[in-house]
Amino acid sequence: MLQFLVAILVIIPVIFLLLEVYFRTLDAYAICVGVGGPYPKPLWQAIRFALTLNRVSIFALLRTYATTYQKSYTFFALGRVYLHIIKAEDMEKILNSSKHSKKSFMYSFLVPFLGEGLLISGGSKWSQRRRILTPAFHFNILQQFLKIFQEESVKLSKMLQLKDREEGGIVNLPALTSRHTLDTICETAMGVKLDSLEEPDAYRNNIYNAGKLLIDRILQPWLTNEFLYKLSGYKKRLDKFLTPMHSFTRNIIAQRRCHFNVVGEDVASTSKDIYGIRKQRYAMLDTLLAAEKNNQIDVEGIREEVDTFTFEGHDTTASGLTMILFTLAQYPDVQERIYQEIKSMHEEKNGSPLEVNDYANLPYTDRVVKECLRLYPPVPFISRELTETDTINGYPVPAGTLLCLHIFDLHRDPQYFPNPEHFDPDRFLPENVENRHPFAYLPFSAGPRNCIGQKFAMLEIKTVIESILINFHLSPITKREDLVFVADLVLRTVDPIKIKFTRRFQN
């Protein structure tokens, strides 16, 4: 027995040494040395990431690397190159080229939920889906969606008035904004009012729980293996949430199709059915149903796109809103200036509701929102795969390299944003934007695969700001120094962010 243990103790280091030598002979190792970054230690880095790092420390470590190297850098693990992009010039090279539009393998873990919708698909399928869905974000459609945004914002303000009376106005922001944006996207995408359902929280809870499990898989390397994933029980737990969600979406599509086939795109009836569909209003789903009639998309393709919009359209906007409201609470002078700008716009309208162009004519509000999205981009990280050899830091990087594009670090590049942690809306004055690299600020990505819903999101965000600041003062409970971020699909913190809402005018 003793001899066996001694043999094991001798063999294991030898195996490690041989693997270390083998990895150092690979082209990937030479690439990492050439491009620059943490000195490649193939086995050590892999073991360290697998055993010691968690979602908090991974986020912090990547920020440390960006600050240390101040240029795009590589990371080497188990024979594979991970190229981390943090410079505007490199972002442009990747995002502005159709040859680098392929999403990385990490997005494949979202397929059980979203299928191969607009977020995940590539090539001709992505191009066709993008063409189908682009009209859903036309200016005239946004004007229709604005009514939904305003109604949901009024509902949100009423909810905050209750919290002001019953809970002293202290609110858990992520829970509040996530509920609001999910309700909004469900009505704009599917034409469904969740509050009108018999169990309004069932779909909300399913989508939250499924999202968490999907993220857990992405961030736990051992779960990338399909066998271990099933053995761990994660797949069974995920299916428990995905099955009713997909059933709900398919039922909505079937009902909307019946109405669409009867009255066409002008859905004029005002009655509601058991799914709470508001049939008198346009929904993004109607664009997909029109494409189905023209044999451009099938039933499952419609389901993929509806689920994609619901998942992506609520989570990212909720993250953005959370950080914007948090920031406004930290700066009462900024908050007051926005309030005065919005109040002046209301006075010009003489009591009429604001229209899309009115929200576009709030220049200070616009600059504040952009600066908040710079400091706290809702999607801090995206990933691609090189499909052709390209040059980074003067070194050729081959096809197949995994690209990690860090929007969070890009937005903190002192070359384009001096004193980057300082909050300064004047960074977005026209004269300051004019001379800045066009790929230095990417809250909605850029290039051919930029966010199709960015105008939708900005209008929704401004509608919420308008409704809230007309009715409430915002005060900080969570301070900026309390923020601890975690690695996730969208920007999140370890602890819920809280602020206090106080009514401006008491009855």
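A brief look at the structure comes next.

Calculation rules
Residues numbered from 1 in each chain as written. Predicted model: local features only at pLDDT ≥ 70, side-chain atom pairs only at ≥ 80, totals over all residues. Heavy atoms only, no water. Axes fitted to C-alpha atoms, helices over the stretch in contact; angles between N-to-C directions. Helix = DSSP H or I, 4+ residues; strand = E, 2+ residues; numbered from the N terminus. Parallel < 35°, antiparallel > 145°, perpendicular 65-115°, else oblique. Left-handed = near helix turned anticlockwise from the far one by under 90°. Contact = heavy atoms within 4.5 Å. Nonpolar A, V, L, I, M, F, W, Y, C, P; charged D, E, K, R; others polar. 1 Å grid on protein atoms, 1.4 Å probe; cavity = no way out; pocket = protein on both sides within 12 Å on 5 of 7 lines; lining within 4 Å. Points joined across faces, edges and corners; volume = space filled by probe spheres on them. Pairing = 2+ DSSP bridges. Salt bridge = Lys/Arg side-chain N within 4 Å of Asp/Glu carboxyl O. Buried < 20%, exposed > 50% of the residue type's maximum accessible area, 1.4 Å probe, protein only. Phe/Tyr/Trp six-rings, centres within 6.5 Å; stacked < 30°, edge-to-face > 60°. Lys NZ or Arg CZ within 6 Å of the ring centre and 35° of its normal.

### Concerning the packing of helix H17 (residues 363-375) against helix H20 (residues 454-471)
It is the contact of H17 with H20, at a shortest axis distance of 11 Å, that shows an interaxial angle of 115 degrees. Considered as vectors, H17 and H20 are oriented roughly perpendicular to each other. By crossing handedness, the relation of H17 to H20 is classed as right-handed. On H20, the residues touching Thr365, Asp366, Val369 and Leu373 of H17 are Met458, Ile461, Lys462 and Ile465. A class-by-class count of the residues in the contact of H17 with H20 yields 5 nonpolar, 1 polar and 2 charged.

### Details of the layout of surface pockets
Each pocket or cavity is described by its volume, and for the second largest pocket that value is around 670 Å³. Pro174, Ser178, Asp315, Asp488 and Arg492 are the residues nearest the centre of the second largest pocket, which is lined by 30 residues in total. Looking at the lining of the second largest pocket residue by residue, the class counts come to 14 nonpolar, 9 polar and 7 charged.

### Focus on the sheet that holds strand E2 (residues 80-85)
Reading across from one edge, E1-E2-E7-E4 is the order of the 4 strands in this open sheet, with mixed pairing throughout. Each end of this open sheet is capped by a strand with a single partner; those strands are strand E1 (73-77) and strand E4 (381-385). Each strand of the sheet is rotated relative to its neighbour by a mean of 25 degrees, with strand direction disregarded. Direction of pairing for E2 relative to strand E7 (residues 402-406): parallel, over a ladder of 4 bridges.

### Comments concerning the pattern of salt bridges
Here the structure, examined in full by the defined rule, presents 31 salt bridges. Two residues, lysine 125 and glutamate 304, come together in a salt bridge whose shortest N-O distance is 3.7 Å. Pair noted here: lysine 125 is in helix H7 (residues 123-133) and glutamate 304 is in helix H14 (residues 299-330), with a separation of 179 residues, a long-range link. Of the residues examined, lysine 125 reaches a relative accessible area of 27% and is grouped as partly exposed. Residues arginine 257 and glutamate 292 are paired through a salt bridge, measuring 2.9 Å at the closest nitrogen-oxygen approach. Of the two residues, arginine 257 is situated in helix H12 (residues 234-263) and glutamate 292 in helix H13 (residues 284-293); the sequence distance between them amounts to 35 residues. Among the residues examined, arginine 257 registers a relative accessible area of 19% and is labelled buried. Classification of glutamate 292 as buried rests on a relative accessible area of 17%. Residues joined by salt bridges that share partners form a network here, namely Glu152, Lys155, Asp183, Glu187, Lys193 and Arg204.

### Quick word on the packing of aromatic side chains
Tallying each qualifying case throughout the model produces 20 aromatic pairs. Relative to phenylalanine 456, the ring of phenylalanine 137 lies with its centre 6.1 Å away and its plane at 80 degrees, an arrangement referred to as edge-to-face. Residue phenylalanine 137 is located in the loop between H7 and helix H8 (139-166), and its partner phenylalanine 456 is located in helix H20; the two are separated by 319 residues in the primary sequence. For phenylalanine 456, a relative accessible area of 4% gives the class buried. Among the aromatic residues, those joined into a ring-pair cluster are Phe137, Phe145, Phe149, Tyr282, Phe309 and Phe456. When the ring centre of tyrosine 364 is taken as reference, the NZ or CZ atom of arginine 337 above it lies at 3.8 Å. A cation sits over an aromatic face here: arginine 374 above phenylalanine 417, 5.1 Å from the ring centre.

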